[in-house]
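The chain contents come next:
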Amino acid sequence: MPLDWDWVRQRYEGGAQLWSLTGSAPVRVVEIDDDRICLSQSLWRDCVARSELEAAVVLLNTGEIATEPVAFAEALRRRRAHVDTGCTRGPNLTAIVLRDLGYLAS
């Protein structure tokens, strides 16, 4: 199933609290627009591009990547190691969002 960005925006428009991959401190959705979703924790704030989330969903739909959140993040990190997206937490944040949206195992 493709990523429906309108649904994602509606879901997170007013903010939301998501759980980190390790289940420690929650991660908050602090901003979402047409191009990205931004999350924060007490010491950081970072964003994931819509295009990155859409590309990750394609990998999931084709079975090219694991559906367990931590394994997914590690596999995504290896696949994107050569690409500087400017988002240091990209694979982890992608996994957190996609798990909350139901694309990854809980």
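Our subject in this report is the structure included herewith.

The rules we used
Residues numbered from 1 in each chain as written. Predicted model: local features only at pLDDT ≥ 70, side-chain atom pairs only at ≥ 80, totals over all residues. Heavy atoms only, no water. Helix = DSSP H or I, 4+ residues; strand = E, 2+ residues; numbered from the N terminus. Rg over C-alpha atoms; globule rule 2.2 N^0.38 Å. Buried < 20%, exposed > 50% of the residue type's maximum accessible area, 1.4 Å probe, protein only. Contact = heavy atoms within 4.5 Å. Areas by Shrake-Rupley, 256 points an atom, 1.4 Å probe, with all protein chains shown as cover. Lys, Arg positive; Asp, Glu negative; His and termini not counted. Charge placed at Lys NZ, Arg CZ, Asp CG, Glu CD. Polar contact = N/O pair within 3.5 Å; in protein donor to acceptor, adjacent residues only side chain to side chain. 1 Å grid on protein atoms, 1.4 Å probe; cavity = no way out; pocket = protein on both sides within 12 Å on 5 of 7 lines; lining within 4 Å. Points joined across faces, edges and corners; volume = space filled by probe spheres on them. Core = buried A, V, L, I, M, F, W, Y, C linked by side-chain atoms within 4.5 Å. Pairing = 2+ DSSP bridges. Axes fitted to C-alpha atoms, helices over the stretch in contact; angles between N-to-C directions. Parallel < 35°, antiparallel > 145°, perpendicular 65-115°, else oblique. Left-handed = near helix turned anticlockwise from the far one by under 90°. Nonpolar A, V, L, I, M, F, W, Y, C, P; charged D, E, K, R; others polar. Disulfide = S-S within 2.5 Å.

## Description of the overall build of the chain
If you tally the helices and strands in the chain, you get 4 helices and 4 strands. Each helix (α) and strand (β) of the chain, taken in turn from the N terminus, gives the series α-β-β-β-β-α-α-α. The C-alpha atoms of the chain give a radius of gyration of 13 Å, which matches the 13 Å a tight globule of 106 residues would have. The proportion of buried residues among the 106 residues of the chain is 42%. Long-range contacts, defined here as pairs at least 24 residues apart, represent 49% of the contacts in the chain between residues at least 6 apart. Accessible area of the chain: about 5800 Å², with a carbon and sulfur share of 49%. Considering the chain, the positive charge centre built from 12 side chains and the negative charge centre built from 15 side chains are found 5 Å apart.

## With respect to the environment of E68
Position of E68 relative to the elements: it lies in the loop between α2 (50-61) and α3 (69-79). Along the sequence, E68 and R9 sit 59 residues apart, while their C-alpha atoms lie 24 Å from each other. A polar side-chain atom of E68 sits 3.3 Å from the main-chain amide nitrogen of V70. A distance of 2.8 Å separates the side chain of E68 from the backbone nitrogen of A71, its partner in a polar contact.

## Section: the layout of surface pockets
There is about 150 Å³ of room inside the second largest pocket. As for the second largest pocket, its lining consists of S20, L21, T22, S24, V27, Q41, W44, R89, N92, L93 and I96. Counting residues per element, the lining of the second largest pocket draws most heavily on helix α4 (residues 90-100), which supplies 3 residues.

## Looking at the nonpolar core
Judged by nonpolar contacts, the single largest core of 31 residues is most densely connected at Y12, I37, L39, F72 and L98. Excluding residues that lie within four positions of it along the chain, Y12 makes contacts with L18, V29, I32, I37, V97, D100 and L101.

## Points about the sheet that holds strand β4 (residues 44-49)
Strand pairing in a sheet relies on backbone hydrogen bonds, with the paired strands running either antiparallel or parallel. Across the sheet, which stays open at both edges, the 4 strands sit in the order β1-β2-β3-β4 with antiparallel pairing between neighbours. The open sheet terminates on both sides in strands that have one partner only, identified here as β1 (16-19) and β4. Taken pair by pair, the neighbouring strands of this sheet meet at an average axis angle of 35 degrees, ignoring direction. The pairing of strand β3 (residues 36-41) with β4 spans 6 bridges and is classified as antiparallel. Across the sheet, R36 pairs through a bridge with A49, a residue of β4. Against the sheet, helix α1 (residues 5-12) engages β1, β2 (26-32) and β3, with an angle of about 115 degrees to β2.

## Things to note about the packing of α3 against α4
Here α3 crosses α4 at 140 degrees, and the two axes come no closer than 8 Å. Classified by the interaxial angle, the pair formed by α3 and α4 is oblique. Read as a crossing pair, α3 and α4 show a hand that is right-handed. Of the residues in α4, those touching α3 at P69, F72, A73, L76 and R77 are P91, N92, T94, A95, L98 and R99. Classifying every residue of the contact of α3 with α4 gives 7 nonpolar, 2 polar and 2 charged.

## Some thoughts on the state of the cysteines
By the definition in use, this model includes 1 disulfide. Shown here is the disulfide that connects C38 with C47, its sulfur atoms set 2.0 Å apart. Classification of the bridge connecting C38 and C47 rests on its S-S torsion, roughly 95 degrees, and on that basis the disulfide is right-handed. Like C47, C38 is buried.

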